[in-house]
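Residue-level structural notes
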Amino acid sequence: MTLKDIPLTTLDGRPATLAELSDGATLVVNVASKCGLTPQYAALEKLAKDFGDRGLTVVGVPCNQFMGQEPGTAEEIQTFCSTTYGVTFPLLEKTDVNGDDRHPLYTELTKAVDSDGKAGDIQWNFEKFLVSPDGEVVNRFRPRTEPDAPEVIEAIEALLPS
């Protein structure tokens with residue numbers, strides 16, 4: 001089983017996998033609605049629109065583990081994301097990304113190293129993982145790296161067909 005085959009649940013309660021949500025490259029991001037980094041939703045949506053036709057899917061993973069910054073219900077999260085930032089990319093159910101109840105997706109993702117060679121726990125909301133079409137984590141970007149930062153765009157471009 002690859003990373004793209006791990007069972008997931010969408011925000012609206014449907015079973016899914018990354019393979020079902022994305023047949024190309026995937027940017028997996030743990031998200032929160034009440035965080036100082038929440039405006040990154042706008043750049044994530046822009047990436048989804050700009051690169052979607054070339055095979056990129058952004059997948060948001062709401063998480064309430066960082067100072068309770070994602071307290072809402074599934075419906076509240078969906079409404080906030082769509083009305084405030086126009087989010088159209090898939091969102092998963094609220095998920096633990098660290099600790100004893102860490103989702104199996106994050107058990108695998110957190111094995112990947114960042115640009116400093118460090119793996120391990122998610123530091124905060126909006127940590128980003130770029131996953132290749134075959135399910136390999138090719139880049140890990142820490143929370144303060146903006147979705148439209150040059151290094152993120154270059155990594156996405158390198159995975160997508162021209």
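Residues numbered from 1 in each chain as written. Predicted model: local features only at pLDDT ≥ 70, side-chain atom pairs only at ≥ 80, totals over all residues. Heavy atoms only, no water.

As for the UniProt feature "active site" (unreviewed entry) in the protein
Our working rule: UniProt positions are given in the numbering used here, feature names are shortened, and annotations may be inferred rather than shown by experiment. Whether two residues touch is decided by their heavy atoms; if any such pair falls within 4.5 Å, the residues are in contact.
With numbering matched to this structure, UniProt assigns "active site" (unreviewed entry) to Cys-35. If we ignore the near neighbours within four places in the chain, the residues touching Cys-35 are Gln-69, Trp-124 and Asn-125.

Brief notes about the sheet that holds strand 3 (residues 25–31)
Either a parallel or an antiparallel arrangement is found when strands of a sheet pair, and the pairing is made through backbone hydrogen bonds. Operational definition: Strands pair, by our definition, only if DSSP identifies at least two bridges between them. The numbering of helices and of strands both runs from the N terminus, where a helix is a DSSP run of H or I of at least 4 residues and a strand a run of E of at least 2. Only the stretch in contact is used when a helix axis is fitted, and all axes are lines through C-alpha atoms; the angle between N-to-C directions ranges over 0 to 180 degrees.
Reading across the sheet, the 4 strands line up as 4-3-5-6 and stay open at both edges, with mixed pairing between neighbours. The open sheet has two free edges, formed respectively by strand 4 (56–62) and strand 6 (137–141), since each of these has just one partner strand. The average angle at which neighbouring strand axes cross in this sheet is 20 degrees, direction not considered. Pairing between strand 5 (residues 128–131) and strand 6: 4 bridges, direction antiparallel. Its bridge partner lying in strand 6, Leu-130 is registered against Asn-139. Most of the contacts of helix 5 (residues 150–159) go to strand 6, to which it runs at about 170 degrees, and overall it touches strand 3, strand 4, strand 5 and strand 6.

A short note on the pattern of salt bridges
Put simply, the test is: Criterion for a salt bridge: a side-chain nitrogen of Lys or Arg within 4 Å of a carboxyl oxygen of Asp or Glu. Between buried and exposed lies partly exposed: a residue is buried under 20% and exposed over 50% of the maximum accessible area for its type, with that area taken using a 1.4 Å probe on protein chains only.
Taken as a whole and assessed by the stated rule, the structure comprises 9 salt bridges. Residues Asp-114 and Arg-142 are paired through a salt bridge, measuring 2.7 Å at the closest nitrogen-oxygen approach. In this pair, Asp-114 is assigned in the loop between helix 4 (104–109) and strand 5 and Arg-142 in the loop between strand 6 and helix 5, connecting sequence segments 28 residues apart. Relative accessible area serves as the criterion here: at 13%, Arg-142 is assigned to the buried category. Counted as one network, the salt bridges with shared partners bring together Asp-114, Glu-127, Arg-140 and Arg-142.

As for the packing of aromatic side chains
A ring pair, where both rings are aromatic, is described by two values, the distance of the centres and the angle of the planes. We count it as follows: Within 6.5 Å between ring centres, the rings of Phe, Tyr and Trp (the latter by its six-membered ring) count as paired, and their orientation is classed by plane angle as stacked under 30 degrees, edge-to-face over 60, tilted in between.
Within this structure, the stated rule accounts for 7 aromatic pairs. Three or more aromatic residues link up through ring pairs in this structure, and these residues are Tyr-41, Phe-80, Tyr-85, Phe-89 and Phe-126.

Examining the pairing of strand 5
The alternating pattern of strand 5 places Lys-128 and Leu-130 on one face and Phe-129 and Val-131 on the opposite face, and all of these are buried. Note: strand 3 against strand 5, 4 bridges, orientation antiparallel. Paired with Val-28 across the two strands is Phe-129, which belongs to strand 5. Between strand 5 and strand 6, which pair antiparallel and follow one another directly, the connecting turn spans 5 residues, one of which, Gly-135, has a positive phi of 95 degrees.

So, helix 2 (residues 40–51)
Worth spelling out the cut-off: Helix span, expected: 1.5 Å multiplied by one less than the number of residues in the helix.
An ideal rise of 1.5 Å per residue puts 16 Å on 12 residues; helix 2 measures up with 16 Å between its terminal C-alpha atoms. Turning to helix 2, the residues buried within the fold contact strand 3, strand 4, helix 3 (74–85), strand 5 and helix 5.

Describing the nonpolar core
Which entries qualify depends on this criterion: To form a nonpolar core, buried Ala, Val, Leu, Ile, Met, Phe, Trp, Tyr and Cys residues must be joined to one another through side-chain atoms within 4.5 Å.
In this structure, Leu-27, Leu-44, Leu-56, Val-58, Phe-89 and Ile-156 are the most contacted members of the largest nonpolar core, which totals 28 residues. Of all the secondary structure elements, the ones that give two or more residues to this core are strand 3, helix 2, strand 4, helix 3 and helix 5. In terms of residue count, helix 2 provides more of this core than any other element does, 5 residues in total. Discounting chain neighbours no more than four positions away, the residues touching Phe-89 are Tyr-41, Leu-44, Glu-45, Ala-48, Val-58 and Gly-60. Listed in part, the 18 residues of the second largest apolar core include Leu-18, Val-28, Cys-63 and Phe-66.

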